[in-house]
Amino acid sequence: VGNLPYRRLMKTLGADITYSEMAFALPLIQGSNSEWALPKAHESEYPGFGVQIATSKNFQACKAAEAISKLTTHVSELNLNCGCPIDLLYRQGQGSALLEQPNRMVRLLKGMNYCSGDIPVTVKIRMGSRDNNPVADVIVKKLLKEGDVAAITLHGRSRQQRYTREADWDYVSKIGSIVQEYNADQVEDKDARDKRPVYLVGNGDCFTHEDWYKAVNDPNIDSVMIARGALIKPWIFEEIEAQQYIDKSATERLSILEKYSKFAITHWGSDEYGVNSARRFL
């Protein structure tokens, strides 16, 4: 969710890492201009810009990873979406449908890793497809065993939940403990000491600086991805930095809107199409 001007705004307000909108692998391979607009980033976003792609086919994952690694210079991370709950993607075997096919997920990540050059490959998952049947623990153990993922982002909900009910951070912490145990074993294993640690990023219902610090103070969670929280309150990153609630005046809020408007016009242009696009997102 979001777009280049909004991500640029987030960087001015203190975001560390930004991710592209989800791009489909096949149109990327076909050279679709509208799809290649999605991995585009503003210079303020890199280093630290991740491109998220969706696919269910191995050759598409490989070719998209290869294209991005060879044709771009600003991408710091390639992220495979295995958590999107949208029905259309699910029926095509993409997004959260991959939670039901962990072996396919492993093959996709292996292929991407093989073709991505120096760009690390990461994955975003949910707890599972159905309520009361979390499978992330099984999937994460399989991903760690195969050793082809640099970081795992876990949204503490199932696909069935969509965005209803609160995210289960206890479960996120449980999965984090599996990752930490794996990292500790790698340190003790002389043959694997040159391997980098795998990171666990939590996601879901982070709307305040208190939510963020509660999560990152958990020794099993390395960082937190903020999504809707940054749409609701763009200055949440400033609050995290200050470790306190910040009440923005009307003037300050209008200033943020003005900054977004300028970024949008710069990005989409000042012609009729550009102004209409800016207005739509504004």
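In this report, we go over the structure that sits alongside the text. Residue indices begin from 1 for each chain and proceed along its sequence in written order. Only residues with pLDDT of at least 70 are given local features in this predicted model, and only at 80 or more are side-chain atom pairs given and counted; all residues enter the totals for whole chains, interfaces and linings. Only hydrogens and water are set aside; all other atoms, that is, all heavy atoms of the structure, feed into the side-chain values.

Quick notes on helix H1 (residues 4-12)
This is how the line gets drawn: Relative accessibility decides the category of a residue: with a 1.4 Å probe and only protein chains considered, values under 20% of the type maximum give buried, values over 50% give exposed, and everything between is partly exposed. Secondary structure follows DSSP: runs of H or I at least 4 residues long count as helices, runs of E at least 2 residues long count as strands, and numbering of each begins at the N terminus. Residues are treated as being in contact if the distance between any of their heavy atoms lies within 4.5 Å.
Of all 9 residues making up H1, 8 are buried, and the element is well covered by its neighbours. Three or more residues of H1 are buried, namely Leu4, Pro5, Tyr6, Arg7, Arg8, Leu9, Met10 and Lys11. For H1, the elements touching its buried residues are strand E1 (18-19), strand E3 (49-54), helix H10 (228-232), helix H11 (236-242) and helix H12 (250-268). Count one or two residues on from H1 and you reach Gly14, which has phi positive near 115 degrees.

Overview of unusual backbone geometry
Note the cis peptide between Tyr46 and Pro47, where omega equals 0 degrees. With respect to the helices and strands, Pro47 occurs in the loop between helix H3 (33-36) and E3. Of note, Asn132 is a non-glycine position whose phi angle comes to about 60 degrees, a positive value. Inspection of the secondary structure assignment puts Asn132 in the loop between strand E5 (121-128) and helix H7 (136-146). With a relative accessible area of 81%, Asn132 lands in the exposed category. Of note in the backbone geometry, Gln243 takes a positive phi value of approximately 55 degrees without being a glycine.

Some words on a nonpolar patch on the surface
This is how it is decided: Like-charged residues within 9 Å of one another, or nonpolar side chains (Val, Leu, Ile, Met, Phe, Trp, Tyr) within 5 Å, are grouped into patches, provided each residue has over 30% relative accessible area and no salt bridge. Per-residue accessibility takes into account occlusion by the displayed protein chains alone, with areas from the Shrake-Rupley method and a 1.4 Å probe. Salt bridges are counted wherever a side-chain nitrogen of Lys or Arg sits within 4 Å of a carboxyl oxygen of Asp or Glu.
Together, Val1, Phe207, Leu231 and Ile232 line one region of the surface with nonpolar side chains, adding up to about 440 Å² of accessible area. Along the chain, Leu231 falls in helix H10. Classification of Leu231 by relative accessible area gives partly exposed; the value is 40%.

Comments concerning the nonpolar core
Applied cut-off: Buried Ala, Val, Leu, Ile, Met, Phe, Trp, Tyr and Cys residues form a nonpolar core when they are joined through side-chain atoms within 4.5 Å.
The biggest cluster of nonpolar side chains holds 47 residues, and the ones touching the most others in it are Met105, Val123, Ile125, Leu143 and Ile152. If sequence neighbours within four positions are ignored, Ile152 has contacts with Val123, Ile125, Val140, Leu143, Leu144, Val198, Tyr199, Leu200 and Val201. Membership of the second largest hydrophobic core comes to 22 residues, among which are Trp235, Ile240, Phe263 and Ala264.

Here's the deal with the packing of H12 against helix H13 (residues 272-281)
The condition is simple: Only the stretch in contact is used when a helix axis is fitted, and all axes are lines through C-alpha atoms; the angle between N-to-C directions ranges over 0 to 180 degrees. In a left-handed crossing the near helix is turned counterclockwise from the far helix by less than a right angle, and in a right-handed crossing that turn is clockwise. All amino acids are sorted into three groups, where Ala, Val, Leu, Ile, Met, Phe, Trp, Tyr, Cys and Pro are nonpolar, Asp, Glu, Lys and Arg are charged, and the leftover types, Gly among them, are polar.
Running from amino to carboxyl end, H12 crosses H13 at an angle of 140 degrees, the nearest separation of the two axes being 9 Å. Note that H12 runs across H13; the crossing there is right-handed. The segment H12 lies against H13, with Tyr260, Ala264, Ile265 and Trp268 engaging Tyr273, Gly274, Val275, Ser277, Ala278 and Phe281. Residues of the contact of H12 with H13, tallied by class, amount to 8 nonpolar, 2 polar and no charged.

A few points about the pattern of salt bridges
It is possible for side chains of opposite charge to pair when their charged atoms get near one another. For the coordinates displayed, the defined rule picks out 14 salt bridges. Residues Lys110 and Glu146 are paired through a salt bridge, measuring 3.5 Å at the closest nitrogen-oxygen approach. With Lys110 in helix H6 (residues 102-115) and Glu146 in helix H7, the pair connects residues that are 36 residues apart, well separated along the chain. Residue Glu146 is classed as partly exposed on the basis of its relative accessible area of 33%. Here Glu238 makes a salt bridge to Lys248, at a shortest N to O gap of 2.7 Å. Of this pair, Glu238 sits in helix H11 while Lys248 sits in the loop between H11 and H12; the two residues are 10 residues apart in sequence, bridging distant segments of the chain. Residue Glu238 is classed as partly exposed on the basis of its relative accessible area of 23%. Given a relative accessible area of 13%, Lys248 falls into the buried group.

Describing the pairing of E3
Our working rule: By the convention used here, strands pair only if DSSP detects at least 2 bridges between them.
For E3, the buried fraction is high: 6 of the 6 residues fall into the buried class. Residues Phe49, Val51 and Ile53 point to one face of E3 and Gly50, Gln52 and Ala54 to the other, with burial holding for every one of them. Bridge count between E1 and E3: 2 bridges; the pairing is parallel. Opposite Thr18, over in E3, you have Phe49 as the bridge partner. With 2 bridges joining them, strand E2 (residues 23-24) and E3 adopt parallel strand pairing. Each residue of the ladder has a partner; that of Phe24, found in E3, is Ala54. With 4 bridges joining them, E3 and strand E4 (residues 77-82) adopt parallel strand pairing. Its bridge partner lying in E4, Gln52 is registered against Asn79.

Remember that the coordinates give geometry; whether it matters functionally is a separate question.
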